[in-house]
Amino acid sequence: MFMIKKIIILGFSFVLSASLVGSAVILQSTLWNLFWLKTQGFDISWGTFLLTFSHDIQGALSPILVQWGVPINFYSVISASLLIAFLVTFLVRLMIPINSRFSYSFSGFLSIYVMITLTIMQYDGIILISGARENTGLFVLCCVGALGGFLFDFLVNRFSGRVK
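Residues numbered from 1 in each chain as written. Predicted model: local features only at pLDDT ≥ 70, side-chain atom pairs only at ≥ 80, totals over all residues. Heavy atoms only, no water.

(A) Broad picture of the pattern of salt bridges. Summed over the entire model, instances satisfying the criterion amount to one salt bridge. A salt bridge links Asp153 to Arg101; its shortest N-O distance comes to 3.0 Å. Residue Asp153 is found in helix α5 (residues 135–160), and its partner Arg101 is found in helix α4 (residues 100–122); the two are separated by 52 residues along the sequence. The buried category is assigned to Asp153, whose relative accessible area is 3%. (Salt bridge = Lys/Arg side-chain N within 4 Å of Asp/Glu carboxyl O. Helix = DSSP H or I, 4+ residues; strand = E, 2+ residues; numbered from the N terminus. Buried < 20%, exposed > 50% of the residue type's maximum accessible area, 1.4 Å probe, protein only.)

(B) Examining the packing of helix α1 (residues 2–39) against α5 more closely. One way to put it is that α1 packs onto α5 with a least axis distance of 9 Å and a crossing angle of 160 degrees. One element, α1, and the other, α5, form an angle in the roughly antiparallel class. Like other packed secondary-structure pairs, α1 and α5 cross with a definite hand, here right-handed. For the contact of α1 with α5, the class distribution of residues is 19 nonpolar, nine polar and one charged. (Axes fitted to C-alpha atoms, helices over the stretch in contact; angles between N-to-C directions. Parallel < 35°, antiparallel > 145°, perpendicular 65-115°, else oblique. Left-handed = near helix turned anticlockwise from the far one by under 90°. Nonpolar A, V, L, I, M, F, W, Y, C, P; charged D, E, K, R; others polar.)

(C) Structural view of the environment of Thr52. The residue Thr52 is located in helix α2 (residues 46–61) in this model. In this structure the C-alpha to C-alpha distance between Thr52 and Val77, which are 25 residues apart in sequence, comes to 21 Å. The contacts of Thr52, once residues within four sequence positions are left out, are Thr30 and Leu34. (Contact = heavy atoms within 4.5 Å.)

(D) Representation of the nonpolar core within the structure. By size, the foremost hydrophobic cluster in this structure holds 19 residues, and its most contacted members are Val21, Val25, Leu82, Ile116 and Leu141. Per element, the largest residue contribution to this core is six residues, and it comes from α5. If we ignore the near neighbours within four places in the chain, the residues touching Val25 are Phe74, Ile78, Ile129, Leu141 and Val144. (Core = buried A, V, L, I, M, F, W, Y, C linked by side-chain atoms within 4.5 Å.)

(E) How the structure looks around the environment of Ser160. By secondary structure assignment, the location of Ser160 is in helix α5. For Ser160, a relative accessible area of 27% gives the class partly exposed. For the pair formed by Ser160 and Ile78, sequence separation is 82 residues and the distance between their alpha carbons is 25 Å. Those residues in contact with Ser160, other than ones at most four positions away along the chain, are Lys6 and Ile9. A polar contact of 2.7 Å, which involves the side chain of Ser160, links it to the backbone oxygen of Val156. (Polar contact = N/O pair within 3.5 Å; in protein donor to acceptor, adjacent residues only side chain to side chain.)

(F) The arrangement of the side chain of Asp153 in detail. Side chain to side chain, Asp153 and Ser100 meet in a polar contact 2.9 Å long. Dropping the residues within four chain positions of it, Asp153 is found in contact with Ser100, Arg101 and Tyr104.

(G) Representation of α1 in the model. The end-to-end C-alpha distance of α1 is 55 Å, a good match for the 56 Å that 38 residues give at a rise of 1.5 Å each. The first or second residue beyond α1 is Gly41, which carries a positive phi of 100 degrees. (Expected span 1.5 Å × (residues − 1).)

(H) Highlighting the packing of aromatic side chains. Using the criterion set out here, one finds ten aromatic pairs in the structure. Summarising the aromatic geometry, the rings of Phe102 and Phe106 are spaced 6.0 Å apart at their centres and angled 15 degrees between planes, so their arrangement reads as stacked. Within this pair, Phe102 and its partner Phe106 are both found in helix α4, separated by four residues, close to a single helical turn. The exposure class assigned to Phe102 is exposed, which follows from its relative accessible area of 53%. One aromatic cluster is present, formed by Phe14, Phe86, Tyr104 and Phe152 through successive ring pairs. (Phe/Tyr/Trp six-rings, centres within 6.5 Å; stacked < 30°, edge-to-face > 60°.)

Such coordinate-based values are descriptive only and should not be taken to indicate function.
Given below as structure tokens:
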């Protein structure tokens, strides 16, 4: 029974964390694009922002076919990168006693950086996430990943009853 409860807590915490990171990455990218349009003289209203943001959320949920015909969407790419980072962090923490908040935050930061770097390499230098085209935007996206790692650790500790 304990193991089932632990798996449910980990799964729920991971889904919330990955959802926050995915939504925040899309929000940052949408804001970056709209700010650029504003500097070019376009009039951006709240209605335009909400419409654009909802369209970007819908676009991130739409699957695309990659090599070998496997359909994936943006959220699955973010979830996979966070899952790998959190698993590696868990394994490292088994060998080295590191503060969990720091380690999961750092792994979230690093996972977004690696995800963006790998997609750039895969597509011959084209940056798919427009918010990462500048160093400031890349840093903000990585900080969103760190926030996701922090949230994951916080939720796991809160639901497990281990509040620090």
